Amino acid sequence: MSSIAASELIINNRGAIYHLDCRPEEIASTIITVGDPARVAEVSKHFDSVEVKNQHREFITHTGYVNKKRITVVSSGIGTDNIDIVVNELDALANIDFETRTIKENLTQLNIIRVGTSGSLQMDIPVDSFVASTHGLGIDNLMNFYRQNNNEEEKQLVQSFVTQTQLNNNFAHPYIGSASGALLKNFVDGFHHGITVTCPGFYGPQGRVLRLGLANPALIDNLTSFTFGKHRITNFEMETAAIYGMGNLLGHHCLSLNAIVANRISKEFSKDGAAAVENLIQKSLEIIADNL
């Protein structure tokens, strides 16, 4: 097998991958991703011990233990462009030999769990509640740069989404990824389940109007009313679909958990979003430590 060129897999002078600035031994096989770099410490403060702390740009990584479970928490920043970096580099740390620059013969499956915030698109999913995403449906274009491998239900869901939401050629063609059933089954009690739409921005792409008009002013209404069999869209944000899409192609188990800080239908915003996120962090760590 040919080695991966230095321009493609960038390893710094301490033997760490370029953006995350982590070496393979510094990463656990169960990984929590958060958008906000400050949230890394909000997660790791619950660790019994922390053995690694790294920081490069917006990417902060802490690895430690909760009980006997080794966990890494890493910040991605906002958006799917950063998820492209984070998931590729986490996979490289697990599955590429940095000495030979070749893909390992025996691959490691990571558990990658997003813990973040999002806006609800359903009246019955209030602020401060939690959503575990059954699917990530992307309208941001990232996964269109990769060869995809969707099952028949996923293909039909995307086609139905395009038809019902009236997205046309002015928008990126939607893509979809599914949550890991092995992870999702542990996050049932206290969690709403549904499709999370991943957008390429916070304002216009999520239907917000400040001074600019929208190309698709009916987008929120169309997202809220979308159904496909038993599936509906519960929320939207800016990372989930990329994690699911890339993670599935690379053979990892992925799940996205979100605290709802805004309800776009009732026009409410959480009075204490930090408390909602803290509650989600504690609940998630307890489940991870006990079940994964």
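The structure displayed is predicted, hence computed values, not measured ones.

What's the story with the pairing of strand E4 (residues 69-75) in this structure? I'm lost.
Two faces make up the sheet, and in a regular strand the side chains alternate between them. The buried fraction of E4 is high, at six of seven residues. With four bridges joining them, strand E1 (residues 30-34) and E4 adopt parallel strand pairing. Residue pairing for E4: Ile31 is matched across the bridge by Thr72. In this structure, strand E3 (residues 59-66) lies alongside E4, joined through six bridges in antiparallel fashion. Bridge assignment links Tyr65 to a residue of E4, and that residue is Arg70. The antiparallel hairpin formed by E3 and E4 contains two residues in its connecting segment, where Asn67 sits at a positive phi of about 55°.

Help me understand a nonpolar patch on the surface in this model?
Taken together, Met1, Ile103 and Leu107 make up a surface patch of nonpolar side chains, about 370 Å² in accessible area. Tracing the chain through its elements places Ile103 in strand E6 (residues 102-103). For Ile103, a relative accessible area of 45% puts it in the partly exposed group.

It is not clear to me how unusual backbone geometry should be interpreted in this structure. Could you clarify?
Glycine aside, the phi torsion of most residues is negative, and most peptide linkages are trans. Backbone geometry places Asp128, a non-glycine residue, at a positive phi of 75°. Positionally, Asp128 belongs in the loop between strand E7 (111-120) and strand E8 (130-138). Positive phi, close to 65°, is recorded for Lys267, a residue that is not glycine. Mapped onto the elements, Lys267 comes out in the loop between strand E13 (253-263) and strand E14 (268-269). Taking relative accessible area as the criterion, Lys267 reaches 67% and is therefore assigned exposed.

Looking at this structure, how should I read the side chain of Thr30?
Following the sequence through the fold, Thr30 ends up in strand E1. For Thr30, the side chain forms a polar contact with the side chain of Lys69, separated by 3.3 Å. Residue contacts for Thr30: discarding those within four places in its chain leaves Lys69, Arg70, Ile71, Thr72, Asn111 and Ile288.

Would you explain the packing of helix H2 (residues 80-95) against helix H6 (residues 240-250) in this entry?
In a packed pair of helices, the relevant descriptors are the angle between the two axes and the axis-to-axis distance. Contact geometry of H2 with H6 gives a least axis separation of 9 Å together with a crossing angle of 25°. One way to sum up the angle between H2 and H6 is to call them roughly parallel. In the packing of H2 onto H6, the handedness of the crossing is right-handed. On the side of H2, the interface is formed by Thr80, Ile83, Asp84, Val87, Asn88 and Asp91, while H6 contributes Ala242, Ile243, Met246, Gly247 and Leu250. Grouping the amino acids of the contact of H2 with H6 by side-chain chemistry returns six nonpolar, three polar and two charged.

Scoring rules and cut-offs
Residues numbered from 1 in each chain as written. Predicted model: local features only at pLDDT ≥ 70, side-chain atom pairs only at ≥ 80, totals over all residues. Heavy atoms only, no water. Buried < 20%, exposed > 50% of the residue type's maximum accessible area, 1.4 Å probe, protein only. Helix = DSSP H or I, 4+ residues; strand = E, 2+ residues; numbered from the N terminus. Pairing = 2+ DSSP bridges. Patch = residues over 30% accessible without salt bridge, like charges linked within 9 Å, V, L, I, M, F, W, Y side chains within 5 Å. Areas by Shrake-Rupley, 256 points an atom, 1.4 Å probe, with all protein chains shown as cover. Salt bridge = Lys/Arg side-chain N within 4 Å of Asp/Glu carboxyl O. Polar contact = N/O pair within 3.5 Å; in protein donor to acceptor, adjacent residues only side chain to side chain. Contact = heavy atoms within 4.5 Å. Axes fitted to C-alpha atoms, helices over the stretch in contact; angles between N-to-C directions. Parallel < 35°, antiparallel > 145°, perpendicular 65-115°, else oblique. Left-handed = near helix turned anticlockwise from the far one by under 90°. Nonpolar A, V, L, I, M, F, W, Y, C, P; charged D, E, K, R; others polar.

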